[in-house]
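Descriptive analysis of the structure
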Amino acid sequence: MSAFLISRTTLLLQRIVLPSLAMVSSPSLLSTTTEEQSSIHGRNVNEIHMVPFQVITRPIPPVLDVRTIPKILRTPLRLIASFLGVDVLKMMFSHFFQDKKVCSLISAISDEENVKNVPPLDVLWITGSEGGQYYFSFGGCHRYEAYKRIGAKEIPCKLIRSTINDLRTYLGSSTPQLK
């Protein structure tokens, strides 16, 4: 292996693999205080609504699935995998990002005592130019996936009144025309 490839592999390990491994030792997924359960957007919203999955738009793919890794990164990650003799993609994206967090959340939301410790999703609630109602969610990927996997029809959400300009902050020129 060339020195260039080894230095690139080392750089990828430092920037991608090692930070992913650090996530395993992160604190508990469930927060216990109201302050910890709120985002900056939802902090002043007290009402929690059960919102049907089919009305929530999630325009940015979650970082739970290997398919969301840009193709340009897949080849270097596969080189690392062959160099180290491990399946880095499977290790990073199945175990660390998906199974551990999502399974922990499934366990929590399935238990009547613990479900109250799982924060609701923050959902931007936007009225379109002709009165249509739109719901956009950007965070809470693991919570969203956990509720989806247990077959829930609705998910607890804090509805944050927003405007098309607020949505444009997230989506830029990809902001759809909301009627």
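One can find the structure itself at the top, above this paragraph.
A quick note: this is a predicted structure, and the numbers were derived from the prediction, not measured.

With that out of the way, let us pick up the packing of aromatic side chains. All told, the structure shown has 3 aromatic pairs when counted by the stated rule. Geometrically, the ring pair formed by F53 and Y144 is edge-to-face, given 5.0 Å between the ring centres and 70° between the ring planes. With a gap of 91 residues between them, F53 in the loop between β1 (49-52) and β2 (56-57) and Y144 in helix α4 (residues 141-149) connect regions that are remote in the sequence. By the burial criterion, F53 is buried, and Y144 matches it. Seen in terms of ring centroids, W125 and Y135 are 6.2 Å apart; in terms of plane orientation they differ by 15°. Their pairing is stacked. Of this pair, W125 sits in strand β3 (residues 121-127) while Y135 sits in strand β4 (residues 133-136), placing them 10 residues apart in sequence. You can call Y135 buried: its relative accessible area is 17%. Over the ring of Y144 we find R58; its NZ or CZ atom is 4.4 Å from the centre of that ring. The lysine or arginine in question, R161, covers the ring of W125, its NZ or CZ lying 3.8 Å from the ring centre.

Rules used throughout
- Residues numbered from 1 in each chain as written.
- Predicted model: local features only at pLDDT ≥ 70, side-chain atom pairs only at ≥ 80, totals over all residues.
- Heavy atoms only, no water.
- Phe/Tyr/Trp six-rings, centres within 6.5 Å; stacked < 30°, edge-to-face > 60°.
- Helix = DSSP H or I, 4+ residues; strand = E, 2+ residues; numbered from the N terminus.
- Buried < 20%, exposed > 50% of the residue type's maximum accessible area, 1.4 Å probe, protein only.
- Lys NZ or Arg CZ within 6 Å of the ring centre and 35° of its normal.

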